[in-house]
Structures are given as C-alpha cells and as structure tokens.
Amino acid sequence: MIDPDRLAALIQHLAEGRRSATEPEAVQFRAWFAEHGLPSDVNSRVRLKYEQHVLEGAEWPNDTTPKEYLESLRATVRDVRSGIYATFEVELDDWIIYFVGRVRRPWRGLRAGQRIVVLFRRDPQRWITGFQARDGHVYVENQEGSWLFRPR
Amino acid sequence: MRERLDIEIIKREAQRVLTVEAAWAASEPEDRVAFRAEWHNQMDIFRHLVVAYTDGRLPDQDMQDLRTIAAILDSATPTLKRLRLRQPDPQILVRLRLAAAG
C-alpha cells in the first residue's frame, strides 16, 4: 500500500499539472481511499451524511441501512470504471478528490442522481461527503478541476 | 412525486442557508466544503424544476412553492456570495418573482 505522504504528493503533482494518473496509480488511489479514506465502520459522520442523503434526501432507497450507504460509497471508490477528479479548494488551500461512479440499481432511491460522488481531502486524506449528483459528470465538470482518471 | 420531493428538500435547504452563516466560521472546514458541494447539486435540481415549471409540467401547488423558493433564494443572495455558494441564475429569480407578482 502506498505511503500517505507519497500519495498526497502524487495527487498534488498530477492535479497541478492537470495530468492523468496511470492505471497503476489509479489502482493505488482507489485502494487507499477505499480502505483508509472512508471510515471502516459506521460512525457519527456516516450517520450524519446517511440521514441527509438517504433518510431525508431519498437519493438511496429508504430501506438502506447506514452500513449499506457506507459500503455503496466504498464500492464506488473501488470500482475500476469510476472516474477520479481533482479540484482546488481555496478555503482549504488543498485539493479535493472526487470519485465518480455509476448508481447501481439497488442504490437508486426516489431522488437518485446520475452518478455517485465521494469527496475526500487530499492531505490529510479525510472523507468529506458522499451523495448522488443529479447531473452526474456535468456536475463534476462544473467544479472547475480536471480528471485524474476519466470514467470508463 | 420526485419533483414534489425535490421542491420540499430545496425549500428546506434554501431556508437553512439563511441560518447556516452564523455557525459557518466555527464549523469544520470539511463540513463547509461538503455543504458547498451539496448545495451545488441542489442548484442543479432547482434548474431542472424551473424547466419543468416553464414547460407547464408542475401542478399549481408546486408552481407556487417554486416561486416561494425563488423568493427565499433571492433574499439569500448576499449570504450565498459571502459563503461562496453557487448562486441561481438571477434572470430565473426575476422571472419567477414577476410571475408571483402577476
């Protein structure tokens, strides 16, 4: 597994140069953020976002559990077809990483979006939020960043 | 059904923007980034609702509620600017305001 400092430096290097990640680099990003960026289990932040996007937002079916919500985000990060996008956030003086993946049938609520987006801070690699973007890739590309890895 | 839910949720979020500023500076930076990203998505949905409104696809109650949302967003514009949150198209707000007045 890649070292977190090296991971942060690599993302910065790619994002600043608006360069694409190689397949092996994308594999490393997915593995790191899926295992270490997302919480290993349901915690207070997962519950908060679950209430917002599942119970209130109806983006996922209303019988989805907090654990299932969390694991749908993890599956999105891991999915080799998911895109990886970076945008600079002035307030943090840091890059925000978006994993952008398909909404599988069991994850489609009454207000499902075209894509699931899972956001992390680059350094430290903290999970920020995960929700379904109604306009999918159009939403992501309006964030004024660039693709590190284009969705397949 | 979906558009009714969209309206209820966007109305709630628009009202929340008016109160969120007081706690904004004290909140975690990641929470501010999350709010900004989620709000951007809400504004995409608002735009879809306006298209449905323009096409005459919304029932009367939803049209009335959408005009209410537009009025809330209009009054929230200074807050949206200060918090660097995406603003709706001002021309859309004017159009809905005029429709409410007419």
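Residues numbered from 1 in each chain as written. Chains lettered and ligands numbered in written order. Predicted model: local features only at pLDDT ≥ 70, side-chain atom pairs only at ≥ 80, totals over all residues.

### A closer look at unusual backbone geometry
Residue and element names in this part refer to chain A.
Inference 1: Cis peptide bonds are those with omega within 30 degrees of zero, and the linkage from Asp123 to Pro124 qualifies with 0°.
Inference 2: Counting through the fold element by element, Pro124 comes out in the loop between strand 3 (115-121) and strand 4 (127-133).
Inference 3: Even without a glycine there, the phi angle at Ala58 is positive, about 55°.
Inference 4: Here Ala58 lies in the loop between helix 3 (44-56) and helix 4 (66-78).
Inference 5: For Ala58, a count of 20 C-beta atoms within 10 Å translates into the label buried. (Helix = DSSP H or I, 4+ residues; strand = E, 2+ residues; numbered from the N terminus. Buried ≥ 20, exposed ≤ 12 C-beta atoms within 10 Å, placed from the backbone.)

### Here we look at the interface of chain B and chain A
Inference 1: The interface of chain B with chain A comprises 17 residues on the first partner and 19 residues on the second.
Inference 2: At the level of elements, helix 1 (2-24) and helix 2 (29-54) of chain B are the ones that each hand at least two residues to the side of chain B that touches chain A.
Inference 3: The dominant element in the side of chain B that touches chain A, judged by the number of residues it contributes, is helix 2 of chain B, at 12 residues.
Inference 4: Split by residue class, the side of chain B that touches chain A holds 8 nonpolar, 3 polar and 6 charged. (Contact = placed C-beta atoms within 7 Å. Nonpolar A, V, L, I, M, F, W, Y, C, P; charged D, E, K, R; others polar.)

### Side note on helix 2 (residues 23-37) of chain A
Inference 1: For helix 2 of chain A, with 15 residues, the first-to-last C-alpha span of 20 Å sits near the 21 Å given by 1.5 Å per residue.
Inference 2: Where helix 2 of chain A is buried, its residues contact helix 4, strand 1 (83-89), strand 2 (94-102), strand 3 and strand 4 of chain A. (Expected span 1.5 Å × (residues − 1).)

### Quick word on the nonpolar core
Inference 1: Among the nonpolar cores identified, the biggest contains 43 residues, and Ile84, Ile97, Tyr98, Val117, Leu119 and Leu148 of chain A are the most heavily contacted of them.
Inference 2: In terms of residue count, strand 2 of chain A provides more of this core than any other element does, 6 residues in total.
Inference 3: Membership of the second largest hydrophobic core comes to 16 residues, among which are Ile10, Met43, Leu66 and Ala76 of chain B. (Core = buried A, V, L, I, M, F, W, Y, C linked by C-beta atoms within 7 Å.)

### Quick word on the sheet that holds strand 2 of chain A
Residues and elements named next belong to chain A.
Inference 1: Taken together, the 5 strands give an open sheet; going across it, the order is 4-3-2-1-5, and neighbouring strands pair in antiparallel fashion. Every interior strand has two partners, whereas the edge strands, strand 4 and strand 5 (146-149), have only one. When strand polarity is set aside, the average angle formed by the axes of neighbouring strands in this sheet is 25°.
Inference 2: Both strand 3 and strand 4 contribute to a ladder of 6 bridges, which runs antiparallel. Paired with Arg115 across the two strands is Ala133, which belongs to strand 4.
Inference 3: The strands touched by helix 1 (residues 4-16) within the sheet are strand 1, strand 2 and strand 5, with strand 2 carrying the most contacts at an inclination of about 85°.
Inference 4: Along the sheet, helix 4 contacts strand 2, strand 3 and strand 4; its crossing angle with strand 3, the most-contacted strand, is approximately 85°. (Pairing = 2+ DSSP bridges. Axes fitted to C-alpha atoms, helices over the stretch in contact; angles between N-to-C directions.)

### Re the environment of Arg97 of chain B
Residue and element names in this part refer to chain B.
Inference 1: Within the secondary structure layout, Arg97 lies in helix 4 (residues 90-101).
Inference 2: Given 14 C-beta atoms within 10 Å, Arg97 falls into the partly exposed group.
Inference 3: Residues Arg97 and Ala71 lie 26 residues apart in sequence; the distance between their C-alpha atoms is 6.7 Å.

### Some remarks on helix 2 of chain B
Inference 1: Along its 26 residues, helix 2 of chain B runs 38 Å from first to last C-alpha, staying within 8% of the 38 Å computed at 1.5 Å per residue.
Inference 2: Gly56 of chain B, located one to two residues past helix 2 of chain B, shows a positive phi value of around 75°.

### Overview of the confidence of the model for chain B
Inference 1: Across chain B, pLDDT averages 93, with 99% of residues at or above 70.
Inference 2: Averaged over each element, pLDDT in chain B is lowest for helix 4 of chain B (84) and highest for helix 2 of chain B (96). (pLDDT = per-residue confidence, 0-100.)

### Concerning the pairing of strand 1 of chain A
Residue and element names in this part refer to chain A.
Inference 1: Taken across its 7 residues, strand 1 has 5 buried, putting it largely inside the fold.
Inference 2: Where strand 1 meets strand 2, 7 bridges bridge the pair, whose relative direction is antiparallel. Counterpart to Phe88 in the pairing with strand 2 is Trp95.
Inference 3: Once strand 1 ends, the chain turns through 4 residues before running back antiparallel as strand 2, passing Asp93 with a positive phi of about 55°.

### Overview of the environment of Leu66 of chain B
All names here are of chain B.
Inference 1: Structurally, Leu66 can be placed in helix 3 (residues 60-82).
Inference 2: Taking the number of C-beta atoms within 10 Å as the measure of exposure, Leu66 has 24 and is therefore buried.
Inference 3: Each C-alpha atom of the pair Leu66 and Leu96 lies 8.0 Å from the other, and the pair is 30 residues apart in sequence.
Inference 4: Not counting residues within four places of it along the chain, the set of residues in contact with Leu66 comprises Ile7, Leu49, Tyr53, Leu58 and Leu96.

### Description of the packing of helix 3 of chain A against helix 4 of chain A
All names here are of chain A.
Inference 1: Between helix 3 and helix 4, the least distance of the axes is 10 Å, while the angle of their chain directions is 90°. Of the possible angle classes, the one that applies to helix 3 and helix 4 is roughly perpendicular. Taken together, the residues of helix 4 that come into contact with helix 3 (itself represented by Val46, Arg47, Tyr50 and Val54) are Pro66, Tyr69 and Leu70.
Inference 2: For the contact of helix 3 with helix 4, the per-class residue count stands at 6 nonpolar, no polar and 1 charged. (Parallel < 35°, antiparallel > 145°, perpendicular 65-115°, else oblique.)

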